[in-house]
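Next come the chains, spelled out residue by residue.
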Amino acid sequence: MSRRVVITGAGVISAIGNGAEEFWRNCLQGKSSVATIPADWERYADLHSRLWSPLPEMDPETLGVARAERLQLDPVSMLAIGAARGAIEHAGFTLSAAGARSRNFVISGTDSARTGAYLGTGIGGAYSFLHNHTYHLHRRPYARLQEYAMERASAQDREELEEILALIEHGSRYNPFVVSMLMPNAPSAALGIKFSLTGPNATYCVACASGTVAVGHGYRAVRNGYVDIAMAGGSEYLYDEHGHIFRGFDIAGTLVRDCADPEFANRPFDKERSGFLFSQGGAAVLVLEDLEHALGRDAPIMAEIIGFAETFDGYSMMSLAPGGEQIERMLRAVLADSNLEPTDVDYVNAHGTGTRNNDETEAMVIDRVFGKAVPVNSTKSLLGHTIGASGAFEALVTALTLRDGKTHVNNNLAMPSYDLNFVRCVENFDPDIGISQSFAFGGHNAALVLRRYDE
Amino acid sequence: MTAIYLQVLSEPRFLQPASSKSMNANVQQRVVKVIADILNRKESEIGLDASLRDDLQVSSLDQMTLYIALEDEFQRTMPPEEVTALTTVKAIIDFIDRKLQESSPP
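Residues numbered from 1 in each chain as written. Chains lettered and ligands numbered in written order. Predicted model: local features only at pLDDT ≥ 70, side-chain atom pairs only at ≥ 80, totals over all residues. Heavy atoms only, no water.

> Summarise the overall build of chain B; cite the residues concerned and give the values.
When its secondary structure is counted, chain B shows 6 helices and 0 strands. Secondary structure elements of chain B, listed N to C terminal, follow the sequence α-α-α-α-α-α. Of all 106 residues assigned to chain B, the portion counted as buried reaches 44%. Contacts spanning at least 24 positions in sequence make up 60% of the contacts within chain B whose residues lie at least 6 apart. (Helix = DSSP H or I, 4+ residues; strand = E, 2+ residues; numbered from the N terminus. Buried < 20%, exposed > 50% of the residue type's maximum accessible area, 1.4 Å probe, protein only. Contact = heavy atoms within 4.5 Å.)

Rendered as structure tokens:
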């Protein structure tokens, strides 16, 4: 059984807009969100990078998450729920309450047993792990130190102790739900619970390729007839109070170093690029649907997915294999899966992190497989790196590029490092075929091929 | 992120508690609101003598959620070994009332 798979809706929670259409308008306008990292983080470490891409303040209620649920969900799950809800509505479905006193929904007009969830995340609920770990580690030392400061220390010592106390502040409790908050499968489970989906529900935890792999496996499930609808995408939340997660990427030398001009610091494929822009996170969820199912309900169709492939470098945890042989093998495999030749590809949404290593290898492989003429851009040049959500954002950008015939610029490209056709202005070029590729820490490579949908 | 008792000490309403009677009425209102919120019920459905388990069908997971919500609302810790013994809405109100009147936070 091989069915055609179309994208009928998408939802987004991001630093540059919520909802697929708002996000896309802002992409086309070249919008990005760059700010100095929270001052608190610099109390704990000497950091090399000082920039990140923060999410706007948001009330969990607007994500469809009530107070009772908020106490039991990591932000990564709330973002997934918010994006999925947007996707369901964007795809033209309506939601109804799952029961009298339930905060959950059922998606009207669908068979929940034939609807699956395929969600990527790099670090799952790491925020909840770190937040509760701080309480676990600091609660008793804090209490003892405070008692000493208040009852026995001299006035001079007390002043210094108070400074130390400020450094070891902790949250207000050890949350009894912590295990179910931090587990990496929590976002896909939260999505399945919120929308009463009883089909397959799986989490794809492959670092920066998570979103692409999740969409790819959702695509295969619909294509092979395991499900009629796949809610597929990625969710990531990279903030913690102490900048612990930021420090991990910073010390590895992966983040933007040249922070003098914040708006210009993030520059994938530029000669002066110095690393990737750390994102606070975000989520993108796509509704993948069997074409006949979509036509049967007159659904809006954004684009068609026609191929997926993945390979593994088998080389290094943190570096792409020089030469990019496994990336090339993956690209040739995804073209074969799509029954296409390299010359059929009209648009490449690159992984494009902005690290020296990634962009060099990626540009070389794009040149080798597709040549110098195909338009290329990096969505991370706008959004920064959302790790496990990035592939889902980029699959969405690829779909919208095909739908609207134009795409966003590769932001901040002053001096291209490579002789490729980077997108420098927004103009109609009416591509039929687009490819979105991701590479991950560990060595995972994955790519999707999408086709413009013509009735 | 603020250590809980620093936060409590800095909140004026705990430094100058209202009179016992009016405080109790205020506590009652806030407890009922939190319970209604957590159980997704109307406040009018939360009777003072209602049994959590039999009348309100509070599961053990609901109970955990309820007590962490009450911790947030009143800025007091609610140790599980103490609160699991509370079986009615009124018992919760009285428990929190006592907590708030203790001279120093737990």
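There's more to say after this.
> Kindly report on the pattern of salt bridges, identifying the contributing residues and their values.
Residue and element names in this part refer to chain A. Per the stated rule, a full pass over the model turns up 30 salt bridges over all chains. A salt bridge links Arg50 to Glu42; its shortest N-O distance comes to 2.9 Å. Residue Glu42 is classed as partly exposed on the basis of its relative accessible area, which comes to 31%. Ionic contacts of the salt-bridge type, sharing partners, join the residues Arg3, Arg114, Asp228 and Asp290 into one network. (Salt bridge = Lys/Arg side-chain N within 4 Å of Asp/Glu carboxyl O.)

> Describe the sheet that holds strand β10 (residues 278–279) of chain A, listing the residues and the values that go with them.
Residues and elements named next belong to chain A. A sheet is described by the order of its strands in space; here 3 strands give the open sequence β3-β4-β10, paired in mixed fashion. What marks the edges here is a single partner per strand, and that holds for β3 (35–36) and β10. Relative to strand β4 (residues 51–53), β3 runs antiparallel, the two being bridged by 2 bridges. Paired with Thr36 across the bridge in β4 is Leu51. (Pairing = 2+ DSSP bridges.)

> Any chance you could break down unusual backbone geometry for me, citing the residues and the numbers?
Residues and elements named next belong to chain A. At Asp298, a position not held by glycine, the phi torsion is positive, near 55°. For Asp298, a relative accessible area of 72% translates into the label exposed. One non-glycine residue, Asn339, lies in positive phi territory at about 55°. Residue position: Asn339 is located in the loop between α12 (325–337) and β13 (347–350).

> Can you tell me about the side chain of Arg223 of chain A, naming the residues and giving the values?
Residue position: Arg223 of chain A is located in helix α8 (residues 210–223). Here Asp337 of chain A takes part through its side chain, which lies 3.3 Å from a polar atom of the side chain of Arg223 of chain A. (Polar contact = N/O pair within 3.5 Å; in protein donor to acceptor, adjacent residues only side chain to side chain.)

> Could you give an account of the interface of chain A and chain B, with specific residues and numbers?
Taken together, the contacts link 22 residues of chain A with 23 residues of chain B. Of the roughly 2,100 Å² buried at the junction of chain A and chain B (both faces included), carbon and sulfur atoms supply 54%. Taken as a group, Arg67, Arg101 and Arg173 of chain A account for 29% of the area that chain A buries against chain B, more than any other trio of residues on that side. For the interface between chain A and chain B, the tally reads 4 salt bridges. Taking the shortest distance from any N to any O, the salt bridge between Glu73 of chain B and Arg67 of chain A comes out at 3.8 Å. Across the contact surface, chain A and chain B share 7 residue pairs in polar contact (both at pLDDT 80 or more). Counting residues per element, the ones that place at least two in the side of chain A that touches chain B are α2 (67–70) and α4 (126–151) of chain A. The biggest single contributor to the side of chain A that touches chain B is α4 of chain A, with 5 residues. When grouped by side-chain class, the residues that make up the side of chain A that touches chain B number 6 nonpolar, 9 polar and 7 charged. (Buried area = accessible area lost by both parts, 1.4 Å probe. Nonpolar A, V, L, I, M, F, W, Y, C, P; charged D, E, K, R; others polar.)

> Could you give an account of the packing of aromatic side chains, with specific residues and numbers?
Residue and element names in this part refer to chain A. What the rule picks out here adds up to 16 aromatic pairs over all chains. Summarising the aromatic geometry, the rings of Phe23 and Phe393 are spaced 5.4 Å apart at their centres and angled 40° between planes, so their arrangement reads as tilted. Linking Phe23 in helix α1 (residues 20–28) with Phe393 in helix α15 (residues 390–404), this pair joins segments that are 370 residues apart in sequence. You can call Phe23 buried: its relative accessible area is 0%. (Phe/Tyr/Trp six-rings, centres within 6.5 Å; stacked < 30°, edge-to-face > 60°.)

> Kindly report on helix α13 (residues 356–370) of chain A, identifying the contributing residues and their values.
Owing to its 3.6 residues per turn, the α-helix aligns residues three or four sequence positions apart on the same side. All names here are of chain A. Over its 15 residues, α13 runs 21 Å from end to end, which matches the ideal 21 Å to within 8%, given 1.5 Å per residue. The complete set of buried residues in α13 reads Asn358, Asp359, Thr361, Glu362, Ala363, Val365, Ile366, Val369 and Phe370. Count one or two residues on from α13 and you reach Gly371, which has phi positive near 90°. (Expected span 1.5 Å × (residues − 1).)

> Requested: an account of the layout of surface pockets, with residues and values cited.
Residues and elements named next belong to chain A. If you add up the space inside the largest pocket, you get close to 1,300 Å³. Around the largest pocket sit 39 residues that line it, and Arg70, Pro75, Met78, Tyr127 and Glu241 are the ones nearest its centre. Element by element, the count of residues in the lining of the largest pocket is highest for α4, at 4 residues. For the lining of the largest pocket, a count of residues per class yields 17 nonpolar, 11 polar and 11 charged. In this model, the second largest pocket occupies a volume close to 700 Å³. Taken together, 27 residues make up the lining of the second largest pocket; nearest its centre are Ala68, Glu69, Gln72, Asn104 and Ile193. (1 Å grid on protein atoms, 1.4 Å probe; cavity = no way out; pocket = protein on both sides within 12 Å on 5 of 7 lines; lining within 4 Å. Points joined across faces, edges and corners; volume = space filled by probe spheres on them.)

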